[in-house]
Amino acid sequence: MKTLIVHGYVLTVDKAFTIIHDGAVCYEDSRIIDIGLTEELLRRHDGVKIIDASKKIVMPGLINTHLHSGLIRGTAEDLKVWEWLALHVDPKHKVLQPEDAYIASKVCYSEALLSGTTTVVDMYRHMDRCADSAEETGIRAVLAPYVGDRPGYDYFEKVDTNERLYLDRHGSADGRVNVWFGMEHLVYCSEEAFRRTAALAEKYDTGIHTHGEESIQMANMIREKYGCAPMQVFYNRGILGPKTLIAHCCWITPYEIEIMRSTGTSIAHCPVSNMKLASGICPVPAALKAGVHVGLGSDGIKENNNVDMFEEMKFAALLQKLGSLDATAMPAEEAIRLATIYGAQAIHMEDQIGSLEVGKKADIVLLDYNNLHMAPHLFGKYENFVPNIVHSANGADVTTVIVNGKTVVEDKKLVGVDVEKLLGEYTAATEALIQRREPYVPDAASINDVVV
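This section reports on the structure supplied with the text. (Residues numbered from 1 in each chain as written. Predicted model: local features only at pLDDT ≥ 70, side-chain atom pairs only at ≥ 80, totals over all residues. Heavy atoms only, no water.)

## Let's talk about the sheet that holds strand S11 (residues 208-211)
The cut-off we apply is this: One requirement defines pairing of two strands: DSSP has to find at least two bridges between them. In DSSP terms, a helix is any run of H or I states spanning at least four residues, a strand is any run of E spanning at least two, and both are numbered starting from the N terminus. Axis lines are fitted through C-alpha atoms, for helices just across the contact stretch, and the angle between N-to-C directions can take any value from 0 to 180 degrees. The contact criterion used is simple: two residues touch if any of their non-hydrogen atoms lie within 4.5 Å.
As summarised here, the arrangement of the 5 strands in space is S10-S11-S12-S13-S14, forming an open sheet in which the pairing is parallel. Taken across any chain shown, the strands that pair with only one partner, and hence form the sheet edges, are strand S10 (181-183) and strand S14 (294-296). Strand after strand, the sheet turns through a mean of 20 degrees between neighbouring axes, direction not considered. Pairing between S11 and strand S12 (residues 244-247): 4 bridges, direction parallel. Within S12, the position partnered with Thr 210 by the bridge is Ile 246. Sheet strands in contact with helix H6 (residues 191-204) are S10 and S11, and its direction is about 160 degrees off that of S10. Against the sheet, helix H12 (residues 309-324) touches strand S13 (266-269) and S14, its axis set at about 125 degrees to S14.

What follows is the structure, encoded as structure tokens:
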């Protein structure tokens, strides 16, 4: 059966950034088949299911290009990035179990869907269980396992297990689950792991995801160790290319931006995480101007504390304005593109998702604007819907979420997920994990030396 969303403020985010007042979107199975004025689509399509979007914004599902599912939200606070990793994050990974990964990812994917995110790029562990969560919740997921093999980091996934995940789960869940090759961080992975990853990604024609530099201290240490910029090290090890996505990139230079442009490598910008960990500011406008694809990411719930991509849009805009002392540095329209079509380009899925266009996947979000914090509702010369989406809206305003043509959030409630049961399992899993982790937490005085 066809479904027709009517009487909405339709924000297509197509190339022209078309907005349709009293607009409608028609989809059948998993694809959008028609877009236009409500009165026209009602004439063209009979016998359809109707979704009334009066006083709602109809927009593409948001795309989170860098997420770590996790359990320890609110327990790893107010630390520099490498202290935070050594004291809280790495010890946790030493004791993480498959069931932990399942519960953590199910919570994160559910939270993402409720706040309007339809696609996530998740880097975690035991990701066969994350694939189960994606299948059950209905989200679209790119899974890129943490891989680490250098001494001291060999408790992470291995390139071989990443390949097995690809063979077992890539294209599953009606095509909603895709598997990439993931690498934790430059200093966690050997040169051999980089080269094997590059070869396997080419063999299977899939993506690569890893971390760029978050802290200036680590960027400088890498320059001192290797005699070149971090992005040059990635290039030398063969992983850059049009299907590679690198998170953060807070300290990339114009030279490194040119390396990324020339290889087609993309950036996942994580403004909230970068602010919280005092990492730095990714030069997003410069990267975009050079032709580098840039998407938005929340990073993990342990370093962001939520996965609300509406919040991420706002801080992406504000951070660039503050960092450059230029109020024009990131307009609202550009921030929306970062969370939608630019994100789709960064994960090379722009022909499928990221905008509302005929032929694309029916990944659609309805956002309620009939509330105090989105008022006034102005049209004409002072039309304010686009700025208010970025600067006033939040994930709690989302009422309906459709992924691949299937409704997964209706009336602000998840379809098919027992939230109360999941919350109980999540808290219990976190408490057990923290207890198991305790013997592996190092003395704070011993964590200053990072081996590059």
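## Structural notes on the pairing of strand S17 (residues 406-410)
Remember that side chains alternate between the two faces of the sheet whenever the strand is regular. As paired elements, strand S16 (residues 398-403) and S17 share 3 bridges and run antiparallel to each other. Within S17, the residue paired with Val 401 across the bridge is Val 409. Two elements, S17 and strand S18 (residues 413-414), share 2 bridges in a ladder whose sense is antiparallel. By the bridge assignment for S18, Glu 410 is matched with Lys 413. Between the end of S17 and the start of S18, which pair antiparallel, lie 2 residues, with Asp 411 showing a positive phi angle near 55 degrees.

## A word on the sheet that holds strand S7 (residues 117-122)
On the basis of which strands lie adjacent, the open sheet formed by 4 strands has the order S6-S7-S8-S9 and parallel pairing. Unpaired on one side and paired on the other, strand S6 (62-67) and strand S9 (177-179) mark the two borders of the sheet. Neighbour to neighbour, the strand axes of the sheet diverge by 15 degrees on average, direction disregarded. By the bridge criterion, 4 bridges tie S7 to strand S8 (residues 140-143) in an arrangement that is parallel. Its bridge partner being in S8, Asp 122 is matched across the sheet by Leu 143. Most of the contacts of H12 go to S6, to which it runs at about 80 degrees, and overall it touches S6 and S7.

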